[in-house]
Amino acid sequence: MSRAQVVRALVAALAALVVLVFPRLVWADELRASVDANVIEVGQTVSLRLEGTTTSGDVGSVEPGPTPGFRVIGRSVMPTRMVSIVNGVRTDRSGVQATFTLLAERTGTFSLGPCSASFGGRIVRSGRAEVRVVARGQAPRRPEPQDPFAGLFGRRPAPSPHSNPFDFLDEPQAPPEPTVDPKLALPAPRGTTAFLHATVDKHAAVVGEQVTFSVYLYVEGSSREPQIGDVHEASAPAFLRKSLLENDNEAKHLGLAKVGDQIYEVKLVRRVALFPLKAGALPIAGMTLRIFRNASQRQRPESIRESETLEVVVSEPPTAGKIPGTSLGDVGDFTLRAEVAPREIPRGGAVAVNLTVEGYGNLPNRLPLPTVKGAEWLEPEVQEKLGAGPDDRYGGSRTFRYVVRLREPGAFSLGSVAFPYYSARHKKYETARADLGFVTVTNDGKAPPPADEKEQMLPGLPPPRGGLEGTTMETAKPISDKGGAWLLVFASPLAFVALSLGARAKDRFVATRRDRETSPDAELARRIAVADAAVKKGEPLAAVRAALTVLEQGALVKLGIAIRGASEGEKRTKLTEAGLDEADVTAWLEAFASAEARRYAPEPPTADEAREEVARAKALVNKAKKRKPAREDDA
């Protein structure tokens, strides 16, 4: 036996003796830190491993401590428990095993730690671990890990007779390669140091179906964390936009990815649910921001990063199997439940009806209500809890709280509420339905007066008389005996002529004013006034509707064409035939499309959006030169 083997045997025997004689001493609180590699390259990762045991109580917080030259990009903490019985003495131990993944950002020799852990409320610290970071290509090649099962399935070299069977314990272990996510891999970078990359989960959808739009920030692993500024969101005017992140101002670390042959850190900066508002090839513009190290680099043109411009082809849901009453854009998977209370009220009382739509997709802003004789539905109060759900599906619940007044006694069936929609996941139309049940109206209280009974101003007085009673009428004198009778005889022909001429003049005046008031120009002025009034009153939806009517009437008055109800292709043809150039035709079509999209959007337009639509419609109408009037059949 060699001298080294003798020393190892003595150390093992001494350790066993300590365990048998001083078990409590062996199980003292301890915390050990180690790294899986002592020399790595810039952009590579190193695992800082922490192991601790204690008999003082539970394990609390675990922290890696100072990590100069590195950035913590991952952590894994696992508590442990162990029971040991030595010489009849039981010892309960708590422990922790933690691994912190550190990304090397610059060259140099760095001391990591000390790490810390809370054992039973007491802070225990570990020693330090040193790691040397060298430039790319200068680190020693990591040896391949040995296969412990190689001897079972093949011949392995015979050991030397002078070799130590425990020499493999002294061999350096190869630190693992950085763990990368293959889903985030890209064939080549889109910029130096850092770049943006945008994706959508589908490139074909139906109107109202969710399209998940994501923007990722890739930062080269060998680069320091850059500063970000001047963020401009990706423009998608043909979509309704709903964020799927709790905070859009914080980038979420996703992991590491291979881009070409380099390692990049990947962060999620945007994840948005987009609901298309119309059919067609709808573009999604790129998101832009600036990447810089210091303020002097911020305004440089090369600091700008922009994601890709994407396109989604949107079509309308199929007509086969369509349920009557389905609105365009009602797409998702929903359920409907109802709560009605109380079930018995006095005449003239009210019932609370709560209708809750739950699910994922484009939740409706209103529900079709049943028609019940003698029932009055008041405007609802709407409450909602919406956000990101499983698989980044946008949804939640929207509750409509109605008050229903019932005026007549009896047992009333409130009917049921049915909300038809299109399920893009199941490729078919479905209906969310809720039965409202019966409500009993009792005859308690004072009955209301009939609707046709007039209120008496002075009740109790006798009715008015049609003539005098108890009087004697005197004999009237002949009209010829009165002096003014002959004057009336001669003046009546003249008065007849004057009245006839006055009636004719009045008819001509009324006809002229009626023609002026009902002329196309007067109607255009009236519609512009309605649009302006809606903007001033703060009624954005009414203002957008009025903007559409201004465009339709303006085309009739100024261009001599009737385009109400026409398709986009028919509108383009008529506007071109009216003499407009290509730029003006495009401006008119964009104004129609924008106003229609905001009018039928699930979310009502804002006051600024309504003001913009009205101003654009008025500007287009005022700019157009008046042409020949439209034919009466077109109008």
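Being a predicted model, the structure only gives us computed values, none of them experimental. (Residues numbered from 1 in each chain as written. Predicted model: local features only at pLDDT ≥ 70, side-chain atom pairs only at ≥ 80, totals over all residues. Heavy atoms only, no water.)

**Quick notes on unusual backbone geometry**
Consideration 1: Across the junction of G113 and P114, the peptide omega takes the value 5 degrees, indicating a cis bond.
Consideration 2: Mapped onto the secondary structure, P114 falls in the loop between β7 (108–112) and β8 (116–119).
Consideration 3: At the junction of A341 and P342, the peptide bond is cis and its omega measures out at -10 degrees in the coordinates.
Consideration 4: Inspection of the secondary structure assignment puts P342 in the loop between β22 (332–341) and β23 (344–346).
Consideration 5: The phi dihedral of T193 falls on the positive side, at around 70 degrees, and the residue is not glycine. (Helix = DSSP H or I, 4+ residues; strand = E, 2+ residues; numbered from the N terminus.)

**What about the confidence of the model for the chain?**
Consideration 1: The pLDDT averaged across the chain works out to 80; a share of 78% of its residues lies at or above 70.
Consideration 2: Here helix α2 (residues 23–26) is the element of the chain with the lowest mean pLDDT, 44, and strand β21 (residues 310–315) is the one with the highest, 96.
Consideration 3: Low pLDDT (under 50) marks residues 149–156, which in the prediction has 1 contact with non-local residues, meaning those over four places away or in another chain. (pLDDT = per-residue confidence, 0-100. Contact = heavy atoms within 4.5 Å.)

**Quick notes on the environment of S307**
Consideration 1: With respect to the helices and strands, the residue S307 is situated in the loop between β20 (304–306) and β21.
Consideration 2: With relative accessibility at 4%, the residue S307 sits in the buried group.
Consideration 3: What S307 contacts, discounting residues up to four positions off in sequence, is R190, L196, H197, A198, V215, G286 and M287.
Consideration 4: Within the structure, the side chain of S307 is placed 2.8 Å from the backbone nitrogen of M287, a separation counted as a polar contact. (Buried < 20%, exposed > 50% of the residue type's maximum accessible area, 1.4 Å probe, protein only. Polar contact = N/O pair within 3.5 Å; in protein donor to acceptor, adjacent residues only side chain to side chain.)

**A few points about the packing of helix α7 (residues 568–577) against helix α8 (residues 582–599)**
Consideration 1: Across the interface, α7 lies against α8 with an axial gap of 10 Å and an inter-helix angle of 145 degrees. Seen along the crossing, α7 lies across α8 with a hand that is right-handed. Where α7 approaches α8, its residues E568, K571, R572, L575 and T576 are matched on the opposing element by E582, V585, W588, L589, F592 and E596.
Consideration 2: For the contact of α7 with α8, the class distribution of residues is 5 nonpolar, 1 polar and 5 charged. (Axes fitted to C-alpha atoms, helices over the stretch in contact; angles between N-to-C directions. Left-handed = near helix turned anticlockwise from the far one by under 90°. Nonpolar A, V, L, I, M, F, W, Y, C, P; charged D, E, K, R; others polar.)

**Considerations on the nonpolar core**
Consideration 1: Membership of the largest hydrophobic core comes to 31 residues, with the highest contact counts inside it found for V550, L551, L559, I561, L575 and W588.
Consideration 2: Breaking this core down by element, the ones donating at least two residues are α5 (520–537), α6 (540–559), α8 and α9 (607–623).
Consideration 3: It is α6 that provides the largest number of residues to this core, a total of 10 residues.
Consideration 4: Contact partners of V550, with chain neighbours within four places excluded, come to L524, R527, I528, A531, A617 and V621. (Core = buried A, V, L, I, M, F, W, Y, C linked by side-chain atoms within 4.5 Å.)

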